[in-house]
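Observations on chain architecture
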Amino acid sequence: MKSSFKKHFGIEATVVAKAPGRLEILGNHTDYNEGTVLSVAVDRAMTVAAAKVDGKTCELYDLVIDSTKTFDLDKLDNPTKGDWSNYVKGVVQEFQKRGYTVPAFKATLKGTVPLSAGMSSSAALEMAFVLVIEKLAGLSLDWKNRALIGQAAENNYVGAKTGLLDQVSSLMGKENQLVYSDFRSLQVHNVPIPAGTAFVVANCMVKHNLTNEYNERREACELAAKILGVKALRDVTPEQLKAAKDKLPEVAYLRALHVVGEIDRVEKGSQALAAGDLDTFGRLMFESQYSSTNYFDNSIKELDIMVELAKTIPGHIGARLSGGGFGGITVHLVKADQAEQYCKTLADLYQKKTGLKTEAMICTAAQGAHYL
Ligand code: GLA
C-alpha cells in the first residue's frame, strides 16, 4: 500500500490501516434492538494508506476502481447519493462533531470486500478511515468510540439507521474466532469456531440497498417495543410476545417475532457451540432463514432458493442470509473437508435453478481492524 500511495501522490504515507468485512452468523436485525449477535470478521478487507497535507482539501484515490474523490473539510454538508466517499466524509464529520481537529489528508484505498453484498464493505471502509484519521489527528480512541463514530457516520451522513454490528465485528474479530456481541451492555467476547468446520459465502447476485427497507424494519421494531412498554425488544421473550399478539399491528408483531426469535437463537446457538452440538447450531441457522422469509420479510426468492439448495448438499450444517437482507449473501456452515466441493455444487445448482451465475467461496475468520 505504501508504494502505491507514493506512486500515486508522490509523497510518503505515514499510516496504513486494514479493516475487515464481516459475516453475521446468527442474530439478524437484533443489534439495534439491544440484542445479541454471533458474527465473524473475514479475510476480505479494506486497506487505507494516508498522509497529512496542508490546507483543507482531502483527496481519496480508490486503487481498485481507479476513482478519485476530493472534498473540503469545511464543506461536508451535502452527501451525494451513491458516492462511496460519503462513508469517509461521514467519518470525518463525526470526528469534527466530537470536537477533534481532523487534518487534511491524502489517502489511497484498496478493498477486497464485495460491495453491496451484505459483508459490510461500508463498515470496513469506515473502520479503516477511523484508524487512519485517529493516527493523523494524534488521537487514541477505544474500540467503542471507534465503532460509534462509524455507526454515526452511517446514521447521520449516509442516512441508513443501522446498528453497531458491522463496526464492532470489523474491530473485534480474531483469527479462528467468532465475535459474540451484546448490544445492550456492549460486552463483546470471542468464541472459537468449531474445529473441522468452514464458512462458505455465496452471493445470490441480487444487490441490496439498505436505506429504505432497513429503516422501515427498524421503525416497526421500535413501534412494537413502544406498544409493549419496553425499552427495546431485548426485553421481551418469545412467549411474552406471543401472549401480547393482539396488542400489536400485524406487521409490527411479525417483525418483533423475528427479532425476539433471533435473540433466543443466539443464546441457544452459543450453548450449542459450547457443547460441540453442530446439528443444533445448523438447525438454528435454517430457522433463522425461515424467520427472515416468513416474519421479517427481508429475504428474497433468490436467497430462499440458495438456502433450500444448501440442505441438499453433502457437508452442509446450516445456512441463512447474512446481514441486512433484501439481496446480498448467504452464509453456510459446512464440514471443512467437504467445503470446496460444496462451493462448486452450490454454485452449479444455483445457476441451474435461477440462471444466475454466482461464486461460492470459503471465508476464514480474520483479525479485526489494525495498523500495518
Ligand atoms: C446491517 C446493519 C447492521 C445489522 C444487520 C442486520 O448489516 O448495518 O447494523 O442491523 O444489517 O443484522
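Residues numbered from 1 in each chain as written. Predicted model: local features only at pLDDT ≥ 70, side-chain atom pairs only at ≥ 80, totals over all residues. Heavy atoms only, no water.

1. Regarding the packing of helix α9 (residues 278–296) against helix α10 (residues 301–310)
Here α9 crosses α10 at 155°, and the two axes come no closer than 11 Å. Judged by the inter-axis angle, α9 sits roughly antiparallel to α10. The two elements α9 and α10 meet at a crossing, and its hand is left-handed. Listed contacts from α10 to Phe-286, Gln-289 and Thr-293 of α9 are Leu-303, Asp-304 and Val-307. Taken together, the residues of the contact of α9 with α10 sort by class into three nonpolar, two polar and one charged. (Axes fitted to C-alpha atoms, helices over the stretch in contact; angles between N-to-C directions. Helix = DSSP H or I, 4+ residues; strand = E, 2+ residues; numbered from the N terminus. Parallel < 35°, antiparallel > 145°, perpendicular 65-115°, else oblique. Left-handed = near helix turned anticlockwise from the far one by under 90°. Contact = heavy atoms within 4.5 Å. Nonpolar A, V, L, I, M, F, W, Y, C, P; charged D, E, K, R; others polar.)

2. Some thoughts on helix α4 (residues 143–158)
Helical geometry note: an α-helix holds 3.6 residues per turn, so side chains three or four residues apart project in the same direction. With 16 residues, α4 extends 21 Å from end C-alpha to end C-alpha; this agrees with the ideal 22 Å at 1.5 Å per step. For α4, every residue scored as buried is listed here: Arg-146, Ala-147, Ile-149, Gly-150, Gln-151, Ala-152, Ala-153, Glu-154, Asn-155 and Tyr-157. Elements that come into contact with the buried residues of α4 comprise α2 (86–97), α3 (121–136), α5 (165–172) and β12 (370–371). Looking at the residues trailing α4, positive phi occurs at Gly-159, about 95°. (Expected span 1.5 Å × (residues − 1). Buried < 20%, exposed > 50% of the residue type's maximum accessible area, 1.4 Å probe, protein only.)

3. A word on α3
When the terminal C-alpha atoms of α3 are compared, their 23 Å separation across 16 residues agrees well with the 22 Å that a helix rising 1.5 Å per residue should span. Downstream of α3 by one or two residues, Gly-138 has phi in the positive range, about 70°.

4. Overview of the environment of Met-119
Examined against the element boundaries, Met-119 turns out to sit in the loop between β5 (105–111) and α3. It is 9.5 Å that separates the C-alpha atoms of Met-119 and Gly-324, two residues lying 205 residues apart in sequence. The residues contacting Met-119, other than those within four sequence positions of it, are Gly-21, Arg-22, Leu-23, Val-42, Arg-44, Val-113, Pro-114, Val-201, Ile-329, Met-361 and Cys-363.

5. Quick word on the environment of Ala-360
By secondary structure assignment, the location of Ala-360 is in strand β11 (residues 360–363). Residue class for Ala-360 comes out buried when judged on its relative accessible area of 14%. In this structure, the C-alpha to C-alpha distance between Ala-360 and Asn-155, residues 205 residues apart in sequence, is 31 Å. Setting aside its immediate chain neighbours within four residues, Ala-360 contacts Val-200, Val-201, Ala-202, Cys-343 and Leu-346.

6. Notes on the environment of Val-230
Structurally, Val-230 is set in the loop between α6 (211–228) and α7 (238–243). Val-230 sits in the partly exposed class, given a relative accessible area of 24%. Here Val-230 is in contact with Ala-225, Asp-235 and Val-236, once residues within four sequence places are set aside.

7. Brief notes about the packing of α3 against α4
Contact pair α3 / α4: the axes reach a minimum separation of 9 Å and the direction vectors enclose 125°. For the element pair α3 / α4, the angle class is oblique. By crossing handedness, the relation of α3 to α4 is classed as right-handed. Residues Ser-122, Glu-126, Met-127, Val-130, Leu-131 and Glu-134 of α3 form the contact with α4, whose participating residues are Arg-146, Ala-147, Ile-149, Gly-150, Gln-151 and Glu-154. When grouped by side-chain class, the residues that make up the contact of α3 with α4 number five nonpolar, three polar and four charged.

8. So, the domain arrangement of the chain
When its domains are assigned, the chain resolves into domain 1 (2–26 + 41–174) and domain 2 (192–363). Using C-alpha coordinates to define each centre, domain 1 is positioned 28 Å away from domain 2. On the domain 2 side, the residues contacting the 19 residues of domain 1 number 26 residues. Taken over both partners, the interface formed by domain 1 and domain 2 buries close to 1,900 Å², and the fraction arising from carbon and sulfur atoms is 61%. Its largest share of buried area at the contact with domain 2, domain 1 owes to Glu-24, Ile-25 and Leu-26, together 36% of the area lost on that side. Where domain 1 touches domain 2, the interface holds one salt bridge. One salt bridge connects Arg-320 with Glu-24, and the closest N-O pair in it is separated by 2.6 Å. At the boundary of domain 1 with domain 2, the tally comes to eight residue pairs in polar contact (both at pLDDT 80 or more). Counting residues per element, the ones that place at least two in the side of domain 1 that touches domain 2 are β1 (15–26) and β2 (36–52). Of the residues that constitute the side of domain 1 that touches domain 2, the class distribution is nine nonpolar, five polar and five charged. (Domains from an automatic or database assignment. Buried area = accessible area lost by both parts, 1.4 Å probe. Salt bridge = Lys/Arg side-chain N within 4 Å of Asp/Glu carboxyl O. Polar contact = N/O pair within 3.5 Å; in protein donor to acceptor, adjacent residues only side chain to side chain.)

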